[in-house]
Amino acid sequence: EMDGFARVPSAGQDAAKKRLENLWALHRWKRAPSGRPTIYVSGYGFYPTGPALVDPVKAKVKARWKMVAKFLRPDGKISADLEAVSVRRHSSFNLLSVIKTEPAERDDSKEASYEWVHYNLGKVGTDTGTVAVRQRVAGKVTLQDMRESFATGVDNTGNVCLWPAEEVMSHYILSKASEFEGKNVCELGAGVGLCGLAMARTLNANSLLLTDGNAQVVDTLQKALQHNRTLDEKGLATKEVSTRLLVWDRTLTSLEVPRAGTFDYVVAADCLFFKDFHIDLVHTIKTLLSASGTCLLFAPLRGTTLE
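Rules used in this analysis
- Residues numbered from 1 in each chain as written.
- Predicted model: local features only at pLDDT ≥ 70, side-chain atom pairs only at ≥ 80, totals over all residues.
- Heavy atoms only, no water.
- Pairing = 2+ DSSP bridges.
- Helix = DSSP H or I, 4+ residues; strand = E, 2+ residues; numbered from the N terminus.
- Axes fitted to C-alpha atoms, helices over the stretch in contact; angles between N-to-C directions.
- Contact = heavy atoms within 4.5 Å.
- Buried < 20%, exposed > 50% of the residue type's maximum accessible area, 1.4 Å probe, protein only.
- Polar contact = N/O pair within 3.5 Å; in protein donor to acceptor, adjacent residues only side chain to side chain.

Here we have 5 strands laid out as an open sheet, ordered β8-β7-β6-β9-β10, and parallel in their pairing. The outermost strands of the open sheet, each flanked by one partner alone, are β8 (241–245) and β10 (289–298). The mean angle between the axes of side-by-side strands here comes to 20°, regardless of whether they run parallel or antiparallel. By the bridge criterion, 4 bridges tie strand β6 (residues 184–188) to strand β7 (residues 207–212) in an arrangement that is parallel. Residue pairing in the sheet places N184 in a bridge with S207 of β7. Lying on the sheet, helix α7 (residues 194–202) is in contact with β6, β7, β8 and β9 (263–269); it crosses β7 at an angle near 165°.

Below is the structure:
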């Protein structure tokens, strides 16, 4: 444009200048935008000199949500780029077998969005036969789920499916049930609640607190907890069992969580995917644990997420 402006006769320079100013006005910013390279033109403002810079953290989050979105179309294929960041290579280690499934309550579309999945706990050597987990029917994750997650800033992956690490943690804890007798236990990122509900059904613990940072997940946990109370005559082995919304926060204080600082065990499965939240997670664990408490973390190896 400037080269063209220099070659315009003086009589037409005013029109060319006006056209150039109008062109600049379409692209300028009064303040320099974050994440995009610009130049500043005195008297006019900031102008882009290249495409927006890619935020690596946002890129990872976007990739994770693409993985979640595939559950909206479970018959679809995963592209090569998504396969590279896939976080669920298989659905189960078959440590706890499924006995049966049955529809849960129906939504406005008259189709069941959830189902009760009954797992066999006898395989681990417990006296309690089964536990019922309220899980999403494959393909029933909705766009509303995505909207609510983006609005709160807490992902909904815990409500999408059962993650294998939760099954491993369930098997480990149930096989060492005697170590939890009379103890206060808190689960972080409980998700669909297989481990938490199995603990409630089998452990003679003093208290059990199941938490998650997503309100939808906590609602699912609460419904599942009530269902298991009356599942059979055995009910719950742990008498004091509750659910709570708890977002990991590096500023969390002991006044914000009941029994904080008194938990003998804090357990969590597959809660290390986002490294940006590691400090918040560690501080939350420290706030909850007693001075002699133990934390059990179960997570698959994904790149550097265990560092």
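Here the focus is α7. With 9 of 9 residues buried, α7 lies mostly within the body of the structure. Taken residue by residue, α7 has L194, C195, G196, L197, A198, M199, A200, R201 and T202 as its buried positions.

Despite not being glycine, N94 shows a phi value in the positive range, around 60°. With respect to the helices and strands, the residue N94 is situated in the loop between α4 (80–83) and β3 (98–103). Look at N94 and you get exposed, because its relative accessible area is 56%. Positive phi, close to 55°, is recorded for D270, a residue that is not glycine. Secondary-structure assignment places D270 in the loop between β9 and α9 (278–288).

On to the side chain of T238, then. With respect to the helices and strands, the residue T238 is situated in the loop between α8 (215–229) and β8. Only 2.5 Å separates the side chain of T238 from the backbone oxygen of L203, close enough to count as a polar contact. Setting aside anything within four residues of it in sequence, one finds T238 in contact with M199, A200, L203, N204, A205, N206, S207 and L208.

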